[in-house]
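Now for the letters of each chain:
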Amino acid sequence: MNDSLGLSIIAGVPVPVVLIGRDERVSALNDAAMALFGPSGTGRHYVTVLRHPALLDCVEEALRLRQPRRARYLRSDLGRDSTYDVTASPLEGVAAGGVVLSFADISDREQAGQIRRDFVANVSHELKTPLTALMGFIETLRGPARDDAAARERFLDIMAREAERMNRLVSDLLSLSRVEAEERMRPGARVDVAALLRTSVQTLRALARGAGVEMTLEGAEEATHVLGDEDQLTQVFHNLIENGIKYGGSGGVLRLVLTRSERELAFRGPGVRIDVIDRGEGFDPVHIPRLTERFYRVDSHRSREMGGTGLGLAIVKHIVNRHRGRFRIDSVPGEGSTFSVMLPMA
């Protein structure tokens, strides 16, 4: 095939395309293909340009059998893994004897599939532990502990805790599913976040007192309205306060600070910021980018002991996103952590 003819055919194609002539040399590459294989491939044998074994087999079979062939091409570039679905199609007419190689980027689809697989694996793992415990205790109560009243009461208490743990996990999964389904639908009701904070503090004060934590609320004296969903914002505040009590409680103090700004940098307009500040152990900032991932925990054993499901911050992130807000986490080991929610004011 003439080089100029090949280039004119494939130049406007948005995906990488490589034309290989009947002489098994590369006739043309479009710009997207040059980004993959370099600009100097034209005129060279396809083996020296493509190199990847799966691609070479795909092209060789298409040339020899004159039938379409497909392959998977994996590429790692600057720390980013890409996956391409490659099709080698024999050419007819003026270019008879050649092959056109096209690359469809399916990286996002592959990543979504991996996320689903990881999610199923994590849920299965989280449910398997309490279920295994329940089955073990049931078997014990039916056998050796059948007539042991003290052991029976102890095992029933443990079984109740494990059942409650599964119930919390299922509730959080349902909540996360609802939040994700509504994430693109911005709520339109006027909500007083100052009143919600005061109610949340009052509701969770007994929990804080039981953990030996003094809880203070600053800046929530005046009404402060945002466009939001009252139930979801309450869930955000409850999650962050409970986290502060459970994991930052060693500092003895949990501060909630509401700040209003006429020009919040995150929105370039009026905004409100809610900071939940503890003086606990803190954690290494290396964990911060992953803390809002489902089931990610800084300390898995401690989180499970505290009754955490690993979904709380993921739920917070999606709710804040739905409200067109920002969620920020800061922590210094040994000094405590700050969880900040920024929302545009109504």
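Residues numbered from 1 in each chain as written. Predicted model: local features only at pLDDT ≥ 70, side-chain atom pairs only at ≥ 80, totals over all residues. Heavy atoms only, no water.

Looking at an unreviewed UniProt entry, one finds the chain named histidine kinase, with Rhodovulum visakhapatnamense as its source organism. Recorded in UniProt under Catalytic activity (unreviewed entry), the annotation for the chain is "ATP + protein L-histidine = ADP + protein N-phospho-L-histidine." According to its UniProt record, the chain has this under Subcellular location (unreviewed entry): "Cell membrane". (UniProt positions renumbered as here; feature names shortened; annotations may be inferred.)

S.K.: I'm lost on the pattern of salt bridges in this one. Help?
M.R.: Side chains that differ in charge, positive against negative, can pair when their charged atoms come close. By the definition in use, this model includes twelve salt bridges. In this structure, the salt-bridge partner of Glu-182 is Arg-322, at a minimum N-O distance of 3.5 Å. Taken together, the positions of Glu-182 in helix 6 (residues 149-182) and Arg-322 in helix 10 (residues 312-322) put the pair 140 residues apart, joining distant regions of the chain. Judged by its relative accessible area of 28%, Glu-182 is partly exposed. (Salt bridge = Lys/Arg side-chain N within 4 Å of Asp/Glu carboxyl O. Helix = DSSP H or I, 4+ residues; strand = E, 2+ residues; numbered from the N terminus. Buried < 20%, exposed > 50% of the residue type's maximum accessible area, 1.4 Å probe, protein only.)

S.K.: It is not clear to me how the pairing of strand 11 (residues 326-332) should be interpreted in this structure. Could you clarify?
M.R.: Moving residue by residue along a regular strand, the side chains alternate between the two faces of the sheet. The two faces of strand 11 differ: Phe-327, Ile-329 and Ser-331 on one face are buried, but Arg-326, Arg-328, Asp-330 and Val-332 on the other face are not. In the sheet, strand 11 pairs with strand 12 (residues 336-344) via seven bridges, with the strands oriented antiparallel. From the neighbouring strand, Asp-330 faces strand 12, where its bridge partner is Thr-338. Hairpin geometry of strand 11 and strand 12 is characterised by an intervening segment of three residues between the two adjacent antiparallel strands and by a positive phi of about 85 degrees at Gly-334. (Pairing = 2+ DSSP bridges.)

S.K.: Teacher, can you tell me more about the layout of surface pockets here?
M.R.: Unfilled space is identified by rolling a water-sized probe across the atoms. Size it by volume and the second largest pocket reaches roughly 420 Å³. Along the wall of the second largest pocket there are 15 residues; nearest its centre are Ile-115, Asp-118, Phe-119, Glu-293 and Arg-294. Within the residue set of the lining of the second largest pocket, elements represented by two or more residues are helix 5 (107-142) and helix 10. Looking at which element gives the most residues to the lining of the second largest pocket, the answer is helix 5, with six residues. Split into classes, the residues belonging to the lining of the second largest pocket amount to four nonpolar, five polar and six charged. (1 Å grid on protein atoms, 1.4 Å probe; cavity = no way out; pocket = protein on both sides within 12 Å on 5 of 7 lines; lining within 4 Å. Points joined across faces, edges and corners; volume = space filled by probe spheres on them. Nonpolar A, V, L, I, M, F, W, Y, C, P; charged D, E, K, R; others polar.)

S.K.: Help me understand helix 6, please; the structure alone is not making it clear to me.
M.R.: Helical geometry note: an α-helix holds 3.6 residues per turn, so side chains three or four residues apart project in the same direction. The end-to-end C-alpha distance of helix 6, which contains 34 residues, comes to 49 Å, matching closely the 50 Å that a straight helix rising 1.5 Å per residue would cover. If you check which residues of helix 6 are buried, you get Ala-151, Phe-155, Met-159, Glu-162, Arg-165, Met-166, Leu-169, Leu-173, Ser-175, Leu-176 and Val-179. Where helix 6 begins, the capping side chain belongs to Asp-148, and its oxygen is found 3.3 Å from the backbone nitrogen of Ala-150. (Expected span 1.5 Å × (residues − 1). Polar contact = N/O pair within 3.5 Å; in protein donor to acceptor, adjacent residues only side chain to side chain.)

S.K.: Help me understand the nonpolar core in this model?
M.R.: Taken as a class, soluble globular proteins show a tendency for nonpolar side chains to be buried jointly. If you look at the biggest cluster of nonpolar residues, it comprises 45 residues, and the most contacted ones within it are Leu-240 and Phe-327. Counting only elements with at least two residues in this core, the list comes to helix 6, helix 7 (193-210), helix 8 (230-248), strand 9 (253-264), strand 10 (269-278), helix 10, strand 11 and strand 12. Take this core: its biggest share by element is seven residues, from helix 7. When near neighbours in sequence (up to four residues on either side) are disregarded, Leu-240 contacts Val-276, Leu-313, Val-316, Phe-327, Phe-339 and Val-341. Residues Leu-36, Phe-37, Tyr-84 and Phe-103 belong to the second largest nonpolar core, which totals 24 residues. (Core = buried A, V, L, I, M, F, W, Y, C linked by side-chain atoms within 4.5 Å. Contact = heavy atoms within 4.5 Å.)

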